[in-house]
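Single-letter residue listing:
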Amino acid sequence: MIGKILVANRGEIAVRVMRTCKELGIKTVAVYSEADRTSLHVRYADEAYFIGPSPSAESYLIIDKIIDIAKRSDADAIHPGYGFLSENSDFADRCKSEGIIFIGPSSHAIKTMGDKITARKTMVKAGVKVVPGINKNLDNEEKALEIIKSIGLPVMIKAAAGGGGKGMRLVKNEKDILPSLRTAKSESKAAFGNDDLYVEKYIESPHHIEFQILADKHGNTIHLCERECSVQRRHQKVIEETPSPIMTAELRDEMGKQAIAAAKAVNYSGAGTIEFLVDKDLNYYFLEMNTRLQVEHPITERVIGIDLVSEQINIANGLKLSLKQKDVVQNGHSIECRIYAEDPENNFMPCPGIVRNITEPSGLGVRTDGYVYEGYEIPMDYDPMISKVIVWAKDRAEAVNRMNRVLDEYKITGIKTSINFLNKIMDCPDFVNGKYDTGFIEKNMDFLIEKEVCDKNCEEMSIIAAFLEYNYYLDKLVPQTTFSNNKNKWKEFGRRKGLMKL
Amino acid sequence: MSLEISLDNRKKTIELIEQDGNKVKVLIGKTEYELNVAKTSNGIYSILHDGKSYNISVIREKNHKNYIVNTAAHSYKIEIIDAETKFQKLKHKDDSDNGDNTIVSPMPGKIVKILVKEGQKIEAGETAIIISAMKMESEFKAKRKGVVLKINVKEGDIVEGGKKLIVIK
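Small disclaimer: the values here were computed from a predicted structure and weren't measured. (Residues numbered from 1 in each chain as written. Chains lettered and ligands numbered in written order. Predicted model: local features only at pLDDT ≥ 70, side-chain atom pairs only at ≥ 80, totals over all residues.)

Undergrad: Before we go on, may I ask you to explain the overall build of chain B in this structure?
TA: If you tally the helices and strands in chain B, you get 1 helix and 16 strands. If one aligns the C-alpha atoms of chain B with their principal axes, the spans along those axes are about 60 × 40 × 20 Å. For chain B, the residues scored as buried account for 25% of the 169 residues in total. Sequence-distant contacts, at least 24 apart, represent 38% of the contacts inside chain B between residues at least 6 apart. (Helix = DSSP H or I, 4+ residues; strand = E, 2+ residues; numbered from the N terminus. Buried ≥ 20, exposed ≤ 12 C-beta atoms within 10 Å, placed from the backbone. Contact = placed C-beta atoms within 7 Å.)

Written as structure tokens, this is what we have:
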């Protein structure tokens, strides 16, 4: 049984994984870069080891260093979190050959799902619906033209090694086919060192819906229902919810079965996610599989009532799944908002810096997964996501109201954050009515960045607060009657008494 | 004694009339406000006015005269303009370097690429420098047409927020 886990990650996910370890009585090992000495995961862990300079390519991404620390600290297993080495098949292989348990699927599953062309082929063979397109490399321009015309415009040209929108081109007009193909090829080469491309039919303003999968090493695979992830900006998820407002019981059952088939096709074990595109007529297509824990896993945990990290550890220990498909029931509604250190009023520019005050929301049905604290300097080297706030309520309307209240309560000062922007989404009719797709943010941008009207008073109050703070500062320089919120009568009394004694 | 305060570059005058414990009386322009103010923690003010409750955070910027003030939905840049500031502004008026067109890093980051050279002409809207922070690259452009006078950084440098990167005249 696993008694000690090295968490090869940082930020909120490292802390989140360690929390479960603590509950399970498992010792935790943190690794940290130069920029992360004061990061919360280092303080939270039982042990912590330095692994190098701040850029992740020189620390968190170096397999040798992680393995070395795992051995030195005598860790039984490594949890990779998400990002960094979580979908690196070489890392999974290396763990295996060093006799360390990799908490994740086999390197075969990672590799198969990581190459998008191979993944498409495997899915087609397993009877999983994929976006209409081709399953081979577009290496011949003439043939590519022919193929694209037969699929019919518009199409998406994508990199086989792809991710994060790189090497991806939308083609609407015939004259753009070849130029787009060439730029996608060079971009893909530069980003991934691999210029294999494939092409898919472009699906306009689709929904992005994914299914959570759990599979043990005894052949049991179940799905834990869907997550609706269509609120996106530049292909990055911003808000997720479950159940999806457009889901029906029949569709859930059908897509769930397809998701299980997809996972079984690669002999999957552990927690994973099958992403689908869903068009306005509820046709759905396999998009890709994420062979790791997702950022948005807490909303599934909340409505299904399980701890996914705990399940991952059980599976890694060779245990059978703790629940069967028939036990999986969605209870109520859950929404997650990702809080980014960015400035929505300034084209979402990233905003590292020192956190001054934090007031975290609380109350019924609220969870925050974060890692920043007052006085912490958010480094410029990593992802701008600083926390996630998750609400649960008995139905969607209540959940939206609750998230609205929670975002009002959530205050982070010192840096700019996306909290107010997210708050506007909770007021946006399309979101409130559950009528949105991946085009949501673009369509509603004017509404979302419009400033709240401030009554005259809130400006005046701001001026007064700044003025008093300034006076407070001057008073401190010249000690006299200071501005204080509570005159300490006892102190005064004590002083007077002291005087009397004299 | 009244003071000038600028809120997002709009100027107002403010004067403290009376202060007794939490009770504060101030005059802004010609309007008098009677308030109950409590400083609850570092920089957080609770202000009660006509029964309404305001929760305001005041964050000190580069010195005790510059603040970022956040209300429930708004964020303001507030500067206290005292006699000293007024004098300084007057003094520097003549030798100001037309600072508006200087490119300043708005956040800490790493210089990825510098696309201009000292002495070269630059058009309004032309990208001069690319900075990367938190896995995102941002382009910074010249606000007006001009000549690149000085480049204070080189590619690969790590810079603090607020640093003057490229001076354009």
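Having seen the model, we can carry on.
Undergrad: Would you take a moment to explain the sheet that holds strand E11 (residues 121-122) of chain B for this structure?
TA: Sheet strands associate in pairs through backbone hydrogen bonding, adopting either a parallel or an antiparallel arrangement. Residues and elements named next belong to chain B. With antiparallel pairing, the 4 strands of this open sheet are ordered in space as E9-E16-E14-E11. Strands with a single pairing partner mark the edges of an open sheet, and in this sheet they are strand E9 (103-104) and E11. As defined by bridge partners, E9 adjoins strand E16 (residues 164-168) across 2 bridges and the pair is classed as antiparallel. When the bridges of E16 are listed, Val104 appears paired with Lys164. (Pairing = 2+ DSSP bridges.)

Undergrad: What's the story with helix H1 (residues 11-24) of chain A in this structure? I'm lost.
TA: All names here are of chain A. The end-to-end C-alpha separation of H1 is 21 Å, in line with the 20 Å expected for 14 residues at 1.5 Å each. Among all positions in H1, only Gly11, Glu12, Ile13, Ala14, Val15, Arg16, Val17, Met18 and Cys21 are buried. Trailing H1 by a residue or two, Gly25 shows a phi angle of about 75 degrees, which is positive. (Expected span 1.5 Å × (residues − 1).)

Undergrad: Quick question: what am I supposed to make of the confidence of the model for chain B here?
TA: The predicted coordinates of low-pLDDT regions are not to be read in fine detail. The predicted model of chain B has a mean per-residue pLDDT of 87, with 95% of residues at 70 or higher. As scored by the predictor, the complex reaches a pTM of 0.87 and an ipTM of 0.77. (pLDDT = per-residue confidence, 0-100.)

Undergrad: Would you take a moment to explain the domain arrangement of chain B for this structure?
TA: When the parts come together, some accessible area is lost, and that loss is often what is quoted as the size of the interface. By the assigned domains, chain B splits into domain 1 (2-91) and domain 2 (99-168). In this structure, domain 1 of chain B and domain 2 of chain B have C-alpha centres spaced 34 Å apart. (Domains from an automatic or database assignment.)

Undergrad: Teacher, can you tell me more about the packing of H1(A) against helix H11 (residues 308-316) of chain A here?
TA: Residues and elements named next belong to chain A. Running from N to C, H1 and H11 point in directions that differ by 65 degrees, and their axes come no closer than 9 Å. With respect to each other, H1 and H11 are oriented roughly perpendicular. For the pair H1 and H11, the crossing hand works out as right-handed. Residues Val17, Thr20 and Leu24 of H1 form the contact with H11, whose participating residues are Val309, Ser310 and Ile313. (Axes fitted to C-alpha atoms, helices over the stretch in contact; angles between N-to-C directions. Parallel < 35°, antiparallel > 145°, perpendicular 65-115°, else oblique. Left-handed = near helix turned anticlockwise from the far one by under 90°.)

Undergrad: Looking at this model, I keep getting lost on the pairing of strand E14 (residues 146-151) of chain B. Mind explaining?
TA: In regular strands, side chains alternate between the two faces of the sheet. Across 2 bridges, the pairing between E11(B) and E14(B) is antiparallel. Residue Lys121(B) lies in a different strand from E14(B), and its bridge partner there is Val147(B).

Undergrad: Looking at this structure, how should I read unusual backbone geometry?
TA: Note on backbone geometry: most residues besides glycine have negative phi, and most peptide bonds are trans. Each neighbour pair has its own omega, and for Leu153(A) with Pro154(A) the value is -5 degrees, a cis peptide bond. Within the secondary structure, Pro154(A) is located in the loop between helix H7 (141-151) and strand E6 (155-159). The amide bond that connects Thr242(A) to the next residue, Pro243(A), takes the cis arrangement and shows omega of -5 degrees. Along the polypeptide, Pro243(A) turns up in the loop between strand E11 (236-242) and helix H9 (249-265). The residue Ser205(A) is not glycine, and still its phi comes out positive at about 35 degrees. Tracing the backbone shows Ser205(A) in the loop between strand E8 (197-201) and strand E9 (207-215). The phi torsion at Asp50(B) lies on the positive side, around 50 degrees, for a residue other than glycine. Inspection of the secondary structure assignment puts Asp50(B) in the loop between strand E5 (44-49) and strand E6 (52-60).

Undergrad: Is there a simple way to think about the sheet that holds E6(A) in this case?
TA: Residues and elements named next belong to chain A. With respect to topology, 3 strands assemble into an open sheet ordered E7-E6-E8, the strand pairing being antiparallel. At either end of the open sheet lies a strand with only one pairing partner, and these are strand E7 (169-171) and E8. For this sheet, the mean inter-axis angle between neighbouring strands, taken without regard to orientation, is 25 degrees. As judged from the 5 bridges shared by E6 and E8, these two strands associate in the antiparallel manner. By the bridge assignment, Ala159 is partnered in E8 with Leu197. Sheet strands touched by H7: E6 and E8. Its angle to E8, the strand with the most contacts, is close to 20 degrees.

Undergrad: Hey, could you run me through the environment of Ser105(B) in this one?
TA: Residues and elements named next belong to chain B. Take Ser105: it is sitting in the loop between E9 and strand E10 (109-114). For Ser105, a count of 21 C-beta atoms within 10 Å gives the class buried. Separated by 34 residues in the primary sequence, Ser105 and Thr71 have C-alpha atoms spaced 26 Å apart. When residues no more than four places from it in sequence are discounted, the contact partners of Ser105 are Ile131, Val159, Gly161, Gly162, Lys163 and Leu165.

Undergrad: Looking at this structure, I do not really get the nonpolar core. What am I missing?
TA: Proteins that are soluble and globular tend to have nonpolar side chains buried together. Counting 129 residues, the largest nonpolar core has Leu6(A), Ile78(A) and Ile213(A) as the members making the most contacts within it. Discounting residues that sit within four places of it in the chain, Leu6(A) has contacts with Val29(A), Val31(A), Ile69(A), Ala70(A), Ser73(A), Ala75(A) and Ile78(A). In this structure, Ala466(A), Phe467(A), Tyr45(B) and Ile59(B) belong to the second largest nonpolar core, which totals 28 residues. (Core = buried A, V, L, I, M, F, W, Y, C linked by C-beta atoms within 7 Å.)

Undergrad: Sorry if this is basic, but what is going on with the interface of chain B and chain A here?
TA: Contacts between chain B and chain A engage 49 residues on the former and 37 residues on the latter. No other element matches the 6 residues that strand E4 (residues 31-41) of chain B contributes to the side of chain B that touches chain A. The residue makeup of the side of chain B that touches chain A, split by class, is 30 nonpolar, 15 polar and 4 charged. (Nonpolar A, V, L, I, M, F, W, Y, C, P; charged D, E, K, R; others polar.)

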